[in-house]
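Here is what each chain is made of, one letter per residue.
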Amino acid sequence: MDAIGAARAVVEEHHPDARAAFLGGSVLTGRRAATSDLDIVVLLHGAPAPYRASFRHGDWPVELFVHTEASWYAYVEREVRRRRSPLLSMCADGLLLFDTDGVGACLAAEAQRLAAAGPPTVSAEEIDDRRYAITDLLDDLSGSTDGGERLFIATELARRTGELALAIGGSWVGGGKWLARRLETTAPGLSMRLHHAVREVLGGEVQPLVGVVDEVLEQTGGRLWEGYKRGGGTP
């Protein structure tokens, strides 16, 4: 069964009274892989929504995100504040499988509007927090002589540097593969440069990674450690 047919069958089996449903994620794109799952958003009138569940339907792994109209808006509002938008993107970019009463079309339009508007502007305080954390990791990397330590420091540096680049570029944040995909459009080439630089660290050479990270930091004023101060103690 193809992805769209399988997604419809999932909804019919689990929530035959659903108001609307979307199929999103990589399965609809050229990035579809053998392990791609069915990301399905379902809209109900009430209970048992909201909930999410992971299971298999035939050969398909399924991620089911079940909401009421009210919980959908609440979750999306929270996502927008965090500048990370999985539910928003599933409905903005996904396929509307069916729509019994128009709520699906309304939510799709709202998701597309919010996605196009972009995330909230990152505060100067948050940028400084990110600069401080990255600077601290750079110091750790330069001082480390342990290969195991360098592995985890380097991968954390790559992640945090990518997230800083997205913040600078006004992009939605992404995790895992979505961090790399967001970077492709916001900071072309950065993901691959970080990839190669982390490999150099594993071979014992830290300077290529330090150089890439410093280039991103310079867009925000460079490294920040001395003089940094926040209330509340340990972050």
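Computed from a prediction, not measured in an experiment: that's the story for all the values here.

### Some details on the overall build of the protein
Summing up its helical and strand segments, the protein has nine helices and five strands in all. Counting from the amino terminus, helix and strand elements in the protein follow one another as α-β-β-β-β-α-α-β-α-α-α-α-α-α. Projected onto its principal axes, the C-alpha positions of the protein cover 60 × 40 × 30 Å. Looking at the protein as a whole, 43% of its 235 residues are labelled buried. Long-range pairs, those at least 24 residues apart, make up 63% of the contacts in the protein between residues at least 6 apart in sequence.

### Focus: the layout of surface pockets
The computed volume of the largest pocket comes to approximately 970 Å³. What lines the largest pocket is a set of 34 residues, among which Ser85, Pro86, Leu87, Ser89 and Met90 lie closest to the centre. Of all the elements in the fold, those that place two or more residues in the lining of the largest pocket are β3 (51-57), β4 (60-68), α2 (69-82), α3 (86-93) and α7 (177-186). The element that contributes the greatest number of residues to the lining of the largest pocket is α3, accounting for five residues. A per-class count over the lining of the largest pocket returns eleven nonpolar, twelve polar and eleven charged.

### Thoughts on unusual backbone geometry
When glycine is set aside, most residues are seen to have a negative phi, and most peptide bonds are trans. Each neighbour pair has its own omega, and for Ala47 with Pro48 the value is 10°, a cis peptide bond. Mapped onto the elements of the fold, Pro48 is located in the loop between β2 (38-44) and β3. Here the bond from Ala49 into Pro50 is cis, since omega is 0°, no more than 30 degrees from zero. Inspection of the secondary structure puts Pro50 in the loop between β2 and β3.

### A short note on the nonpolar core
In terms of nonpolar packing, the biggest core is built from 29 residues, with Leu141, Leu157, Leu190 and Leu209 touching the most fellow members. Looking at this core, the elements that each hand over two or more residues are α5 (124-143), α6 (147-168), α7, α8 (190-202) and α9 (207-218). Broken down by element, this core gets its largest block of residues, eight residues, from α6. The residues touching Leu190, leaving out its near neighbours within four places in the chain, are Ala165, Leu183, Val212 and Val216.

### Some remarks on the confidence of the model for the protein
Residues shown with low pLDDT carry predicted positions that ought not to be read at fine detail. Put simply, the protein has an average pLDDT of 92, and 95% of its residues get 70 or more. Taken element by element, the protein is modelled with least confidence in α7, mean pLDDT 90, and with most confidence in α9, mean pLDDT 97.

About the cut-offs
- Residues numbered from 1 in each chain as written.
- Predicted model: local features only at pLDDT ≥ 70, side-chain atom pairs only at ≥ 80, totals over all residues.
- Heavy atoms only, no water.
- Helix = DSSP H or I, 4+ residues; strand = E, 2+ residues; numbered from the N terminus.
- Buried < 20%, exposed > 50% of the residue type's maximum accessible area, 1.4 Å probe, protein only.
- Contact = heavy atoms within 4.5 Å.
- 1 Å grid on protein atoms, 1.4 Å probe; cavity = no way out; pocket = protein on both sides within 12 Å on 5 of 7 lines; lining within 4 Å.
- Points joined across faces, edges and corners; volume = space filled by probe spheres on them.
- Nonpolar A, V, L, I, M, F, W, Y, C, P; charged D, E, K, R; others polar.
- Core = buried A, V, L, I, M, F, W, Y, C linked by side-chain atoms within 4.5 Å.
- pLDDT = per-residue confidence, 0-100.

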